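# Topology and contacts: notes
As a plain string of letters, each chain reads:
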Amino acid sequence: MLFDHLPENAIPLIHWNWVQISPYFRNLQERELNEQTVSVFARDWTRMDELLDETYSRLHVATTLDTSNDDAQKRFHTFLEEIFPKWSEADQNLKTKMLASGLQLDRFQIPLRRMQTHADIFREENLPLLTRERILGTEYDKIVGAQTVVWEGREIPVVQLQPVQLDNDRDRREKAWRLGSERMLADRDALGTLWKKFLALREDLAGNAGFEDYRSYRWKQLTRFDYSPDDCKSFHRAIEEAVVPAVQRILVRRAARLGLDALRPWDLRVDPLGRPALKPFMEMDELKSKASAMFHKVDPRLGSYFDLMVKERLLDLDSRKNKAPGGYCTTFAASKRPFIFMNAVGVHGDVQTLLHEAGHCFHSFESHKLPYHQQREVGMEFAEVASMAMELLASPHLGDNEGGFYSPKDAARARIEHLEDSIRFWPYMAVVDAFQHWIYENPSDAADLDACDAQWLALAERFLPGVDWSGLTNERKTIWLRQLHIHQVPFYYVEYGLAQLGAVQIWRNFREHQSDAVSAYIAALGLGGTVSLPDLYATAGARLAFDATTLAEAVDLMEKTVEELEKA
């Protein structure tokens, strides 16, 4: 059989061309499809897509590990230009074949609905545009990844200035903040030129598929069946009502403790009581070993997943020059292994990022037990529940005597910072999401960088009051240019806000019945994308919500927990 000779992982496919790949899709397309053959058809289709998906992921990871590696960029672009469009077209033909058959597989109703939606919006003329969109994304990474500054005699990536924001020396914090902002502002024109290309391309994608605007197209592309743009706007208003006042309380308390009449942007990360910055680890091995201990205490199965990743070197955690910004988890689908990319610099935020990305990894391990790749496709609205809930579920073990990062007092401090940061995140999320709605409701205006700056500033003033930005208007209004989601993954941000609300509900259950809450969480991860989004939340012990009442309940729990931790 042809499929018996496929490799176990995607590494050999990195060097394959379409001539070598196409016989497998042709074989699938020519098969007779009936009740007796459909499961083998789906199995072989899954294997082919797993291998190509892993090839894509490995090539993309290589471009982010070193944005100056021209060979890695070339290999990735070759895949995007020569393999990706043909794969997409062949995959679409198989979806059409499966849909036309009327055949069902076990737990396949939701995957078939996604397939039908993708079939409805598929246009062959969009394939080169989708390729171009991904290439523009690598250009964005290259610009931002090359941003360095000279700080205290050393050239360092801008991201490595972050620990200075924890310094008790206010003048030093301000100097570092201004230096980093100045460097990022220097790329405004380059990022702005790239932005206009993104915007024009997306307008073409929507038009080719018969949509009046890109947002309508993107909603279908993301298979958002369970909520609408109007629900997002309701969520923004709920955040304004239930969360912004809580953030104001946090900022007022911070200013008072710092002895300041007004907070400036460089006053938002430093400890308000003047304590030295938390130093959770010195080396990457220490970060890994202590995180492992935490995961084992949440659930031994999760701990064993993380240990396997360490053993197989599936983590790249340290920050360095020419490394792409941010952090992510991706999956090597054929190998059934996740991979974590980070830019750790030795601050507590690195611990939170690792806990977050590990939650995605646990989701990957559990959902890959499902037999077919279409069953594993899950919306980020729940994928981010997996990650954000893990931040909260693991947090009680930050100060464990054996394997913890901190003393009990420092662990309480870290948990307070995390809870307050989580509350403060919701309004920022609302700015990013509302900004994207404005962009694609007003694409002509959004092609003007000055108009984008003005809209971002207006939204920041609406949702993010309480900080004195006087004299820093240019720095404030251009923050959108360095929010990578706006450029690389449009409309991917509200998921964080929805998921955080779901995660707090899971954490509420965890505080009451730890083992039951963890069991429900893992059970939901194992469902992949075989049930609806509301059912995924319900299985995990939460509710998909957009209203101020549910948000207010979550904020109240978080604020009360902060009070308890401060007393402790």
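Here we summarise the structure given alongside this text. (Residues numbered from 1 in each chain as written. Predicted model: local features only at pLDDT ≥ 70, side-chain atom pairs only at ≥ 80, totals over all residues. Heavy atoms only, no water.)

## What to know about the overall build of the chain
For clarity, the threshold we go by: Each helix is a run of H or I in the DSSP string that is no shorter than four residues. Each strand is a run of E no shorter than two, and both are numbered from the N terminus. Only C-alpha atoms enter the radius of gyration; for comparison, a globular chain is expected to reach 2.2 Å times N to the power 0.38, where N is the number of residues. Only protein chains enter the accessibility calculation, which uses a 1.4 Å probe. A residue is then buried if its area is under 20% of the maximum for its type, exposed if over 50%, and partly exposed in between. We call two residues contacting when some pair of their heavy atoms lies within 4.5 Å. The accessible surface values rely on the Shrake-Rupley method and a 1.4 Å probe; as for residues, cover is taken only from the protein chains in view. Residues scored as positive are Lys and Arg, those scored as negative are Asp and Glu, and His as well as the terminal groups of each chain are ignored. For charged residues, the charge sits on one atom: NZ in Lys, CZ in Arg, CG in Asp, CD in Glu.
For the chain, the helix and strand inventory stands at 24 helices and 5 strands. Against the globule reference of 24 Å for 568 residues, the chain gives a C-alpha radius of gyration of 24 Å, in line with a compact fold. Structurally, the chain occupies a C-alpha span of about 75 × 55 × 45 Å along its principal axes. Counting only residues that meet the buried cut, the chain has 58% of its 568 residues in that class. Considering only contacts in the chain between residues 6 or more positions apart, those separated by 24 or more positions represent 77%. Total accessible area computed for the chain in this model is approximately 23300 Å², and 48% of it derives from carbon and sulfur atoms. Taken together, the 68 basic and 86 acidic charged side chains of the chain have centroids lying 2 Å from each other.

## Describing the pattern of salt bridges
Where charged atoms from two side chains of opposite charge come close, those side chains can pair. Our working rule: In the sections that follow, a salt bridge refers to a side-chain nitrogen of Lys or Arg positioned within 4 Å of a carboxyl oxygen of Asp or Glu.
In total, this model carries 45 salt bridges according to the counting rule given. A salt bridge links D453 to R188; its shortest N-O distance comes to 2.6 Å. Residue D453 is located in helix α18 (residues 449-463), and its partner R188 is located in helix α7 (residues 188-208); the two are separated by 265 residues in the primary sequence. The residues D453 and R188 share a single accessibility class, namely buried. Through salt bridges with shared partners, one network takes in R47, E50, K336 and R376.

## A word on the sheet that holds strand β3 (residues 315-318)
Going by this rule: Strands were regarded as paired on the criterion that DSSP finds at least two bridges between them. Axis geometry follows a simple rule: fit a line to the C-alpha atoms, using only the stretch in contact for helices, then measure angles between N-to-C directions, giving values from 0 to 180 degrees.
Strand order in the open sheet formed by 3 strands is β3-β5-β4, and the pairing between neighbours is mixed. With partners counted over all chains shown, the strands left at the sheet margins are β3 and β4 (328-332), one partner each. Pairs of neighbouring strands in the sheet enclose a mean axial angle of 15°, with direction left out of account. For β4 and strand β5 (residues 337-344), the ladder comprises 5 bridges, and the chain directions are antiparallel.

## Topic: empty space enclosed by the protein
We apply this condition: Definitions used for this entry: grid spacing 1 Å over protein atoms alone; cavity, a set of points where a 1.4 Å probe fits but cannot get out; pocket, an open set with protein on both sides within 12 Å along at least 5 of 7 lines; lining residue, one with an atom within 4 Å of a point. Grid points are joined across faces, edges and corners, and a volume is the space filled by probe spheres set on the points. Each residue is assigned to one class: nonpolar for Ala, Val, Leu, Ile, Met, Phe, Trp, Tyr, Cys and Pro, charged for Asp, Glu, Lys and Arg, and polar for all the others, Gly among them.
Tallied over the full model, the rule gives 2 cavities of 30 Å³ or more. Put simply, the second largest cavity is a space of about 40 Å³. Considered class by class, the residues forming the lining of the second largest cavity number 4 nonpolar, 1 polar and 2 charged.

## Some thoughts on the layout of surface pockets
The space that makes up the largest pocket amounts to roughly 410 Å³. Along the walls of the largest pocket sit 23 residues, with D271, R275, R413, I416 and E566 positioned nearest its centre. Of all the elements in the fold, those that place two or more residues in the lining of the largest pocket are α10 (244-258), α16 (408-441) and α24 (548-567). Counting residues per element, the lining of the largest pocket draws most heavily on α16, which supplies 9 residues. The space that makes up the second largest pocket amounts to roughly 300 Å³. Lining the second largest pocket are 16 residues, with P163, L278, K279, V345 and G346 sitting closest to its centre. Tallied by class, the residues present in the lining of the second largest pocket amount to 11 nonpolar, 2 polar and 3 charged.

## Regarding the packing of aromatic side chains
So the rule is basically this: Only the six-membered ring of Trp is used, alongside the rings of Phe and Tyr, when aromatic pairs are assigned; centres must lie within 6.5 Å, and planes under 30 degrees apart are stacked while those over 60 apart are edge-to-face, with the rest tilted. Counted as over-ring charges are cases with an Arg CZ or a Lys NZ within 6 Å of the ring centre that also lie within 35 degrees of the ring normal.
In total, this model carries 37 aromatic pairs according to the counting rule given. Each ring, one from Y305 and one from F365, has its centre 4.4 Å from the other, and the planes form 10°; the classification is stacked. Taken together, the residues Y305 in helix α12 (residues 300-311) and F365 in helix α13 (residues 348-367) connect sequence positions 60 residues apart. By relative accessible area, Y305 is classed as buried at 11%. A residue is classified by how much of its surface remains accessible, and F365, at 9% relative accessible area, is buried. The residue whose ring lies beneath R224 is W219, and the NZ or CZ to ring-centre distance is 4.4 Å.

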